Amino acid sequence: MSENRSELILNLFKESQALLKGHFKLTSGKHSDVYFEKIKLIERPAVLEKIINLLVEEIRKDNPEFDYVVSPAYGGIAIGFLTALKLNKLFAFSQRVEEKMTVRSGFAGLPGQRAIIVEDILTTGGSVQEVLECLKSLQVTVNGIYCLVDRSAGQVLIEGKPVRSLLALKVSAYEPEACPLCQQGLPLVKPGASDKK
Ligand SMILES: [Zn+2]
């Protein structure tokens, strides 16, 4: 990927305000200077559309054979839906019901078809893995896995392969006692704390 394109992608994430710089306490308890507020990706549809256009270019380049775009709820819905719209494919989403990733029975055309999975932000790869298992149980052939941001910078492997991403970003996380931002006396923010159950 060219320098200009990476720059363009980074700027779009900044424009969406999903990519925040500061001093954050992550769910792991570690501190970081970068945080993704992923819900922000869908707050500005016009910016999201520009991001999706770039993702669509990547998918077109790979040229996987697929009938459906499948994304995990909720954040992935707008992203996968827009991707499917632009590629003239069908769309379905998966959701957790009693902890188990499932697809609503109303998506009756999906079983036995070919799909790609589109996710917003890949952190541990856990939810993508769950979507994959769910689709396999429906005899769906998964011919590609894409995400907008890979926070593991290619470290997370799904079936032995890194996930295709628009932005692969290694986020540094520090133990609180070794955090350079604490040492600089920057105020610590715990983002999204009020939303977590
Ligand atoms: Zn700190």
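First, a word on what this report is: a plain description of the structure on this page. (Residues numbered from 1 in each chain as written. Predicted model: local features only at pLDDT ≥ 70, side-chain atom pairs only at ≥ 80, totals over all residues. Heavy atoms only, no water.)

## Here we look at the coordination of the zinc ion
Phase 1 of the analysis: Of the protein atoms, only His23 (NE2), His31 (ND1), Cys179 (SG) and Cys182 (SG) coordinate the zinc ion, at distances of 2.0 to 2.4 Å.
Phase 2 of the analysis: Viewed at the metal, the 4 donor atoms of the zinc ion are separated by angles of 95 to 118 degrees, and the geometry they form is tetrahedral.
Phase 3 of the analysis: Here the donor residues of the zinc ion are spaced in sequence according to H-x7-H-x147-C-x2-C. A residue pair is termed long-range when its members are at least 10 positions apart, and His31 in strand β2 (residues 31-36) and Cys182 in helix α5 (residues 180-183) qualify at 151 residues.
Phase 4 of the analysis: You can call Cys182 partly exposed: its relative accessible area is 32%. (Donors = N, O, S within 2.8 Å, 3.2 Å for Na, K, Ca; no water. Tetrahedral: all angles 85-135°; square planar, octahedral: opposite > 155°, others 65-115°. Helix = DSSP H or I, 4+ residues; strand = E, 2+ residues; numbered from the N terminus. Buried < 20%, exposed > 50% of the residue type's maximum accessible area, 1.4 Å probe, protein only.)

## Concerning the sheet that holds strand β6 (residues 114-122)
Phase 1 of the analysis: Read from one edge of the open sheet, 6 strands run β5-β4-β3-β6-β7-β10, paired in mixed fashion. Strands at the two margins of the open sheet, each flanked by one partner only, are β5 (100-103) and β10 (164-168). Along the sheet, successive strands turn relative to each other by an average axial angle of 25 degrees, direction set aside.
Phase 2 of the analysis: Of the strand pairs in this sheet, strand β3 (residues 68-72) and strand β4 (residues 90-97) are connected by 5 bridges, and their pairing is parallel. Following the sheet pairing, Tyr68 is matched in β4 by Leu90.
Phase 3 of the analysis: With respect to the sheet, helix α3 (residues 75-87) is in contact with β3, β4, β6 and β7 (141-150), its orientation differing from that of β3 by roughly 165 degrees. (Pairing = 2+ DSSP bridges. Axes fitted to C-alpha atoms, helices over the stretch in contact; angles between N-to-C directions. Contact = heavy atoms within 4.5 Å.)

## What to know about the pairing of β5
Phase 1 of the analysis: Alternating positions in β5 separate cleanly, Met101 and Val103 being buried on one face and Lys100 and Thr102 remaining unburied on the opposite face.
Phase 2 of the analysis: Bridge analysis of β4 against β5 gives 4 bridges, and the strand direction is antiparallel. Each residue of the ladder has a partner; that of Val97, found in β5, is Lys100.
Phase 3 of the analysis: The loop that links β4 with its antiparallel partner β5 comprises 2 residues; one of these, Glu98, has a positive phi angle of about 45 degrees.

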